[in-house]
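So the chains spell out like this:
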Amino acid sequence: MKKQYKITALIVSLVLMAFALTSCTLTKSASSNETTTASSSGESVTGADIDTLINENDVSVTTDGATAIVLNGNSVQINGSGAAADGTTVTVTSGGTYEISGTLTDGRIIVNADGEEVTLILNNADITCSYSSAIFVYEAKSATVYLADGSQNTLSDGSSYSYNDSYSSEADEEPNACIYSKDDLVIAGSGKLNVNGNLNNGITSKDTLLIENVTLTVKAVNTGIKGKDDLVIKSGVYNLDCDGDTIHGDNSTTILDGTFSLTSGDDAIHADNTLTIQGGTFTITAHEGLEATIIVINGGKLEINASDDGINAAQKIDGVTPTVKINGGEITINMGQGDTDGIDANGNIEINGGMVNVNAQSPFDYDGTGTINGGTVYVNGSQVTSLSNQFGGGMGGQMPGGGMQGGQPPQGGRGPRG
């Protein structure tokens, strides 16, 4: 009986199409699926990229005809075509599906299939590479790393890399992550994956990165998950513990759903351009919880414990007003003592819906405007109807809290720190 695995094989082209509008500013007013993508052009168009991503159907890929790559400690057995082993280095040179199982004590998988679509199915695979990435997608049209149903997989790289082969570049620091792709990358499947990024990042794609329906644990000395063009997470369970950012998009980061436990020495979730959270459950402990030029929260449940800013709209790209826009969801922000802000914007803060509960000495700090158009906002245990401004008022200005109504936060809300 043949096995079938659900993956999103077409999602890369979908994401590229959806984010072809990143040179413009996307706005959808009063919508639970609002997406705002900033640029220096200042133009505005209407887009439905979030709706498209949500509604896109998965496709089925079978293991029939797949090349089997069996890892046997310090040797490799390959049954099928399109891949070859040189000692403990496996190189995939043709498009197709490859099922990888077993343990490799010191070796790696390289994909060098220019213009081809490659699927790597990890089926109880444990790969350690002391000198490079465990998986390195050097050339491909797109690559999918799929976690087989019920499988437990572990990938680990070394704390230092050797760049003395034709695929690597020390000058460009390529590769520099346990899973490293120079092309579009999809990670999907209902199995489990542990990634240990001992040199730098856990997972890096130099193009679009989409992750869907996985159970993923990452420990990294720098960033856990990084996408250069656009980073999209559709669903899954994530336990990320990183010295740097846990989730980082050089351009835009979009999260549709999932369960996230994030411990970060820097930003828990970051985008240089736009960060959109459509839904999900987040437990965050970080220096900063969320950071991007534009931050849009349409839904989800977030608990942010931060030592600098809980949510920070910072000027990462020129010609755009940094903005935090909250349209829905349940957000609790607990800040440490000192020069910290619950929600900080180098531009505007706009709350249109949902529940926002901020426990901080400085709940809000904005350079532009701060407005409550809808939803419910609590500061240090009391409901407010306007946003105080630490930047505008400072210590001699408004007391944190704005216009007080005396309402109490939902159960679990914390009062002022002593």
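Above this text you will find the structure in question.
As the structure is a computational prediction, the values presented were derived from the model and not from experiment.

Enquirer: Even after reading the chapter, I still don't get the side chain of N334, so can you show me in this structure?
Expert: Position of N334 among the secondary structure elements: in strand 35 (residues 330-335). Here the side chain of N334 touches N359 through a polar contact of 2.8 Å, side chain to side chain.

Enquirer: Which parts of the structure should I look at to understand unusual backbone geometry?
Expert: One can expect most non-glycine residues to show negative phi and most peptide bonds to be in trans. Following E174, the chain continues to P175 via a peptide bond in cis, the omega torsion being -5°. Within the fold, P175 resides in the loop between strand 14 (152-156) and strand 15 (177-181). Its identity is not glycine, yet E173 carries a phi of approximately 55°, on the positive side. Mapped onto the secondary structure, E173 falls in the loop between strand 14 and strand 15. Among the residues examined, E173 registers a relative accessible area of 49% and is labelled partly exposed. Phi at N213 takes a positive value of approximately 60°, unusual for a residue other than glycine. In this fold, N213 is placed in the loop between strand 19 (209-212) and strand 20 (214-220). Assessed through its relative accessible area of 42%, N213 is described here as partly exposed.

Enquirer: I tried to follow the pattern of salt bridges on my own but got confused; where do I start?
Expert: As a working rule, side chains carrying opposite charge can pair if their charged atoms are close by. Scanning all chains against the criterion turns up seven salt bridges. With a shortest N-O distance of 3.4 Å, K219 and D241 are connected by a salt bridge. Here K219 is found in strand 20, whereas its partner D241 is found in strand 23 (residues 236-242), with 22 residues between them in sequence. With a relative accessible area of 45%, K219 lands in the partly exposed category. Each of E174, K182 and K206 takes part in a single network of salt bridges with overlapping partners.

Enquirer: For this particular structure, what's the right way to read the nonpolar core?
Expert: When a protein is soluble and globular, its nonpolar side chains tend to lie buried together. Judged by nonpolar contacts, the single largest core of 83 residues is most densely connected at I203, I269, L290 and I311. A total of five residues in this core trace back to one element, the largest contributor, which is strand 11 (residues 117-128). I203 has contacts with A177, I179, L185, I187, V195, L209, L216, V218, G224, I225 and K226, leaving out every residue within four places of it along the chain. Counting residues in hydrophobic clusters, the runner-up holds seven residues, among them Y146, A148, V186 and L210.

Enquirer: Looking at this structure, how should I read the pairing of strand 36 (residues 341-345)?
Expert: For a regular strand, side-chain orientation follows a simple rule: the groups alternate between the two sheet faces. Here strand 36 lies mainly inside the structure; five of its five residues are buried. Bridge analysis of strand 33 (residues 309-313) against strand 36 gives four bridges, and the strand direction is parallel. Within strand 36, the position partnered with D309 by the bridge is D341. One ladder, built from three bridges, connects strand 36 with strand 39 (residues 364-366); its direction is parallel. Directly across from A345, in strand 39, lies its bridge partner Y366.

Enquirer: Help me understand the environment of D318 in this model?
Expert: Structurally, D318 can be placed in the loop between strand 33 and strand 34 (323-326). Taking the C-alpha atoms as reference, D318 lies 9.5 Å from T293; in sequence the two are 25 residues apart.

Enquirer: Mind showing me how you'd approach the packing of aromatic side chains here?
Expert: One pass over the structure, following the stated rule, counts six aromatic pairs. Between F136 and Y180, the ring centres sit 5.8 Å apart and the planes meet at 65°, which makes this aromatic pair edge-to-face. You can see F136 sitting in strand 12 (residues 135-139) and its partner Y180 sitting in strand 15, a full 44 residues away along the chain. The exposure classification of F136 matches that of Y180, with both residues buried. Consider the rings of F260 and F282, whose centres lie 4.6 Å apart with planes at 5°: the pair is stacked. Highlighted residues: F260 in strand 26 (residues 259-264) and F282 in strand 29 (residues 281-286), separated in sequence by 22 residues.

Definitions and cut-offs
Residues numbered from 1 in each chain as written. Predicted model: local features only at pLDDT ≥ 70, side-chain atom pairs only at ≥ 80, totals over all residues. Heavy atoms only, no water. Helix = DSSP H or I, 4+ residues; strand = E, 2+ residues; numbered from the N terminus. Polar contact = N/O pair within 3.5 Å; in protein donor to acceptor, adjacent residues only side chain to side chain. Buried < 20%, exposed > 50% of the residue type's maximum accessible area, 1.4 Å probe, protein only. Salt bridge = Lys/Arg side-chain N within 4 Å of Asp/Glu carboxyl O. Core = buried A, V, L, I, M, F, W, Y, C linked by side-chain atoms within 4.5 Å. Contact = heavy atoms within 4.5 Å. Pairing = 2+ DSSP bridges. Phe/Tyr/Trp six-rings, centres within 6.5 Å; stacked < 30°, edge-to-face > 60°.

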